[in-house]
Amino acid sequence: MLLAGCHSGGAGGASGAVKPDIWTLYSGDRAFADVTALVDMGPRPAQSAALQKARDYITTEVEKAGWKVEKQEFEGDTPRGTMKFCNLIARFGDDKTTQQAIVCSHYDTKLFDTIRFVGASDGGSSTGALIEMARTLAQDPGLARRVELVFFDGEEAFVHFTETDGLYGSRHYAEVLRDSGRYKQFKFAILWDMMGPKNLTITLSPESPPALTGGILKAADALGVRNDFTFYHDDIYDDHVPLQHIAEMPAIDLIDFNYPPWHTAADTLDKLAPESLKVVGDVTLYYLRAQYPNE
Ligand SMILES: [Zn+2]
């Protein structure tokens, strides 16, 4: 789980002060503090007061780091009636044409009537980690302008995942990208979900796009964490699917789906480790830097 020493300086530039490799600036501890703040808000299902609190927290922290946050509000028909949702889209600067990569997470937690579900890994981990991603990227404005950070609402199904229940936020976001034609500027998307567990093993969906998957595994290899990545035995249905099928871009889901507390009251902070958040943060940053070495 620990990173092997990998300070090639390759991203530093040829002259003047050498920029640190961007991933070395990513703090698992800061990410974990954000996860803690979110989990402490309690269950955060769609349309709840706690989710509004989470929305305010994300917006404040990401804007503090220098990003602009667009609130993408919409309504969806759910088994519980018409619900209001709100995706948060963060960009570095006002120009909406510079972004070519998406890094995203859902920030809602699944609604349960019978248990207190706080979603430490499922909803909490990737959201806190994405806030720290905003802080890290902001230290490299050229790279930050290439990236759109998206916090999806309504990932969780109210009953069971079907074509019409679940993935409300990512379906809406992908439809807006498609209808505006803006989808064409994006080259790939990296989805984060359930990435907090101690002894992390990212379980990639077998249908992950080959080139993107190869690049992520290469990044993991370079950082000495290749053993933290494997393949799941079945396809994983998550927010990357609408990005692939509606917005027509390669999209990969970095998720640890072999997580016994999944969708139980036991998905709590004590199951998580800051080091796990950093593994996924580092690999993603390494991959982004490799795509844009000269930004
Ligand atoms: Zn879930």
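Structure's up top.
Quantities reported herein were computed from a predicted structural model and do not represent experimental measurements.

## Let's talk about the coordination of the zinc ion
- At the metal site, the zinc ion is ligated by Asp 122 (OD), Glu 156 (OE) and His 263 (NE2), and these contacts range over 1.8 to 2.2 Å.
- Mapping the donors of the zinc ion onto the primary sequence gives the spacing D-x33-E-x106-H. Residue Asp 122 is located in helix H3 (residues 120–137), and its partner His 263 is located in the loop between strand E8 (251–255) and helix H8 (274–291); the two are separated by 141 residues in the primary sequence.
- A relative accessible area of 2% places Asp 122 in the buried class.
- What makes His 263 buried here is its relative accessible area of 18%.

## With respect to the side chain of Glu 132
- With respect to the element layout, Glu 132 can be found in helix H3.
- What makes Glu 132 buried here is its relative accessible area of 0%.
- Within the structure, Glu 132 has its side chain in polar contact with the backbone nitrogen of Ser 27 (distance 2.9 Å).
- Among residues more than four places away in sequence, those in contact with Glu 132 are Leu 25, Tyr 26, Ser 27, Arg 30, Ala 31 and Asp 34.

## Examining the nonpolar core
- Membership of the largest hydrophobic core comes to 66 residues, with the highest contact counts inside it found for Trp 67, Met 133, Leu 137, Leu 149, Trp 192, Phe 229 and Leu 254.
- Filtering out sequence-adjacent residues up to four positions away, Leu 149 remains in contact with Trp 67, Leu 88, Ile 89, Ala 90, Val 103, Leu 130, Met 133, Ala 134 and Leu 137.
- By size, the runner-up hydrophobic cluster in this structure holds 16 residues, among which are Tyr 173, Leu 177, Phe 186 and Met 249.

## A word on the environment of Met 133
- Tracing the chain through its elements places Met 133 in helix H3.
- Taking the relative accessible area as the measure of exposure, Met 133 reaches 0% and is therefore buried.
- If we skip the residues at most four places from it in the chain, Met 133 touches Tyr 26, Val 103, Leu 149, Trp 192, Thr 284, Leu 285 and Leu 288.

## A word on the environment of Ile 216
- By secondary structure assignment, the location of Ile 216 is in helix H6 (residues 210–222).
- The exposure class assigned to Ile 216 is buried, which follows from its relative accessible area of 0%.
- Ignoring any residue separated from it by four or fewer positions in sequence, one finds Ile 216 in contact with Ile 190, Phe 229, Ile 252, Leu 254, Val 283 and Tyr 287.

## Let's talk about unusual backbone geometry
- The residue Leu 167 is not glycine, and still its phi comes out positive at about 55°.
- Mapped onto the elements, Leu 167 comes out in the loop between strand E4 (147–152) and helix H5 (168–180).
- The buried category is assigned to Leu 167, whose relative accessible area is 1%.
- Unlike most non-glycine residues, Glu 248 shows phi in positive territory, near 55°.
- Mapped onto the elements, Glu 248 comes out in the loop between helix H7 (240–245) and E8.

## Considering H3
- In this model, H3 (18 residues) spans 24 Å end to end at C-alpha, consistent with the 26 Å of a helix rising 1.5 Å per residue.
- In terms of burial, H3 is largely enclosed, as 18 of its 18 residues are buried.

## Concerning the pairing of strand E3 (residues 101–106)
- E3 sits mainly inside the fold: six of its six residues count as buried.
- Burial along E3 is two-sided: the face carrying Ala 101, Val 103 and Ser 105 and the face carrying Ile 102, Cys 104 and His 106 are both buried.
- Examined bridge by bridge, E3 and E4 share six bridges and lie parallel to one another. Bridging across to E4, His 106 finds its partner in Phe 152.
- Two elements, E3 and strand E5 (residues 188–193), share four bridges in a ladder whose sense is parallel. Bridge pairing links Ala 101 to Phe 188 in E5.

## Details of the sheet that holds E3
- In spatial order, the strands read E1-E2-E4-E3-E5-E8; together these six strands make up an open sheet with mixed pairing. Strand pairing shows two members of the sheet lacking a second neighbour, strand E1 (68–78) and E8, which therefore form its edges. Across the sheet, the mean angle separating the axes of adjacent strands is 20° when strand polarity is ignored.
- Across the sheet, H5 touches E1, strand E2 (81–91), E3 and E4, and the angle it forms with E1 is around 115°.
- Where H8 meets the sheet, its contacts fall on E3, E4, E5 and E8, and the angle it forms with E5 comes to roughly 175°.

## What about the environment of Ile 246?
- If you trace the backbone, Ile 246 turns up in the loop between H7 and E8.
- Residue class for Ile 246 comes out buried when judged on its relative accessible area of 19%.
- Sequence-wise, Ile 246 and Phe 74 are 172 residues apart; in three dimensions their C-alpha atoms are separated by 17 Å.
- The residues touching Ile 246, leaving out its near neighbours within four places in the chain, are Arg 171, Ala 174, Glu 175, Arg 178 and Val 241.

## Describing the pairing of E5
- Most of E5 is tucked away: six of the six residues are buried.
- Here E5 shows no split at all, with Phe 188, Ile 190 and Trp 192 on one side and Ala 189, Leu 191 and Asp 193 on the other all buried.
- Relative to E8, E5 runs parallel, the two being bridged by five bridges. Across the sheet, Leu 191 pairs through a bridge with Asp 253, a residue of E8.

About the criteria used
- Numbering of residues starts from 1 in every chain and runs along the sequence as written.
- Reporting in this predicted model follows two pLDDT cut-offs: at least 70 for local features of residues, and 80 or more for side-chain atom pairs to be given and counted; totals over whole chains, interfaces and linings ignore these cut-offs and use all residues.
- Only hydrogens and water are removed before side-chain values are computed, so all heavy atoms of the structure are retained for them.
- In this description, a donor is an N, O or S atom within 2.8 Å of the metal centre, a cutoff extended to 3.2 Å for sodium, potassium and calcium. Water is not part of the atom list, which can make sites seem incomplete.
- Secondary structure follows DSSP: runs of H or I at least 4 residues long count as helices, runs of E at least 2 residues long count as strands, and numbering of each begins at the N terminus.
- Throughout this description, buried means an accessible area under 20% of the type-specific maximum (1.4 Å probe, protein chains only), exposed means over 50%, and partly exposed covers the range between.
- Side-chain atoms alone can form a polar contact between residues adjacent in sequence; in general such a contact is a pair of N or O atoms within 3.5 Å, and within protein one must be able to donate a hydrogen while the other accepts it.
- Contacts: residue pairs with any heavy atoms within 4.5 Å of one another.
- Each nonpolar core is a collection of buried residues, namely Ala, Val, Leu, Ile, Met, Phe, Trp, Tyr and Cys, held together in the definition by side-chain atoms within 4.5 Å.
- Expected helix span is computed as 1.5 Å times (number of residues minus one).
- Following DSSP output, two strands are said to pair if at least two bridges run between them.
- Axis definition: a line fitted to C-alpha atoms, over the contacting stretch in the case of helices. Angles run 0 to 180 degrees between N-to-C directions.

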